[in-house]
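# Coordinate inspection notes
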Amino acid sequence: MKKGSKPIIVYLLIMIMISTVFVLLNVGFKLKTEELSKIKFETENKLKTEQGKEINFTADYQTYSSEERVVWIATNELGMIRRTEPALTLLYSKKKLEEVNRLLKQKYD
């Protein structure tokens, strides 16, 4: 070998090593990106599943707490009856109400 060709060979070897490092880094980043994309896809699917479960739970809650079902259980299983008359009837005079409102206004003005 000539003395002048040694620097060229060293230069080429360094360039090949640098190129190899860049190629390996590129492949590594690509693999990591694909792995993270797969994890993201799986996580999104889990999220959609959990949201579906939440919607189902909400629907079940609404079904079980509906007035129709509660009344049916109260009458058929617990033997309760519906009240037909109001429990308490309040009577008041319009004059008395106006007087109380006037007194309250005076007190807080």
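Refer to the structure above for everything that follows.
What you are looking at is a predicted structure, and each value in this text was computed from that prediction instead of being measured.

## Brief notes about the overall build of the protein chain
Of the regular secondary structure elements, the protein chain holds three helices and zero strands. A compact globule built from 109 residues should have a C-alpha radius of gyration of about 13 Å, whereas the protein chain, at 41 Å, is more than 25% larger. Within the protein chain, the fraction of its 109 residues that count as buried is 1%. Carbon and sulfur atoms provide 64% of the accessible area of the protein chain, an area that totals close to 11,200 Å². Looking at the protein chain, you have 19 positive and 14 negative side-chain charges, and the mean spots of the two groups are 13 Å apart.

## Details of a nonpolar patch on the surface
A cluster of nonpolar residues, Ile8, Val10, Tyr11, Leu12, Ile14, Met15, Ile18, Val21, Phe22, Leu25 and Phe29, forms a patch on the protein surface that exposes about 1,100 Å² of accessible area. Topologically, Phe22 is positioned in helix 1 (residues 6–64). A relative accessible area of 56% places Phe22 in the exposed class.

## Things to note about the pattern of salt bridges
Tallying each qualifying case throughout the model produces two salt bridges. In this structure, Glu50 engages Lys53 in a salt bridge whose closest nitrogen and oxygen atoms are separated by 3.6 Å. Placement of both Glu50 and Lys53 in helix 1 is noted, with a separation of three residues, approximately one turn of the helix. Taking the relative accessible area as the measure of exposure, Glu50 reaches 45% and is therefore partly exposed. Residues Glu67 and Arg82 are paired through a salt bridge, measuring 3.5 Å at the closest nitrogen-oxygen approach.

So, how was this worked out
Residues numbered from 1 in each chain as written. Predicted model: local features only at pLDDT ≥ 70, side-chain atom pairs only at ≥ 80, totals over all residues. Heavy atoms only, no water. Helix = DSSP H or I, 4+ residues; strand = E, 2+ residues; numbered from the N terminus. Rg over C-alpha atoms; globule rule 2.2 N^0.38 Å. Buried < 20%, exposed > 50% of the residue type's maximum accessible area, 1.4 Å probe, protein only. Areas by Shrake-Rupley, 256 points an atom, 1.4 Å probe, with all protein chains shown as cover. Lys, Arg positive; Asp, Glu negative; His and termini not counted. Charge placed at Lys NZ, Arg CZ, Asp CG, Glu CD. Patch = residues over 30% accessible without salt bridge, like charges linked within 9 Å, V, L, I, M, F, W, Y side chains within 5 Å. Salt bridge = Lys/Arg side-chain N within 4 Å of Asp/Glu carboxyl O.

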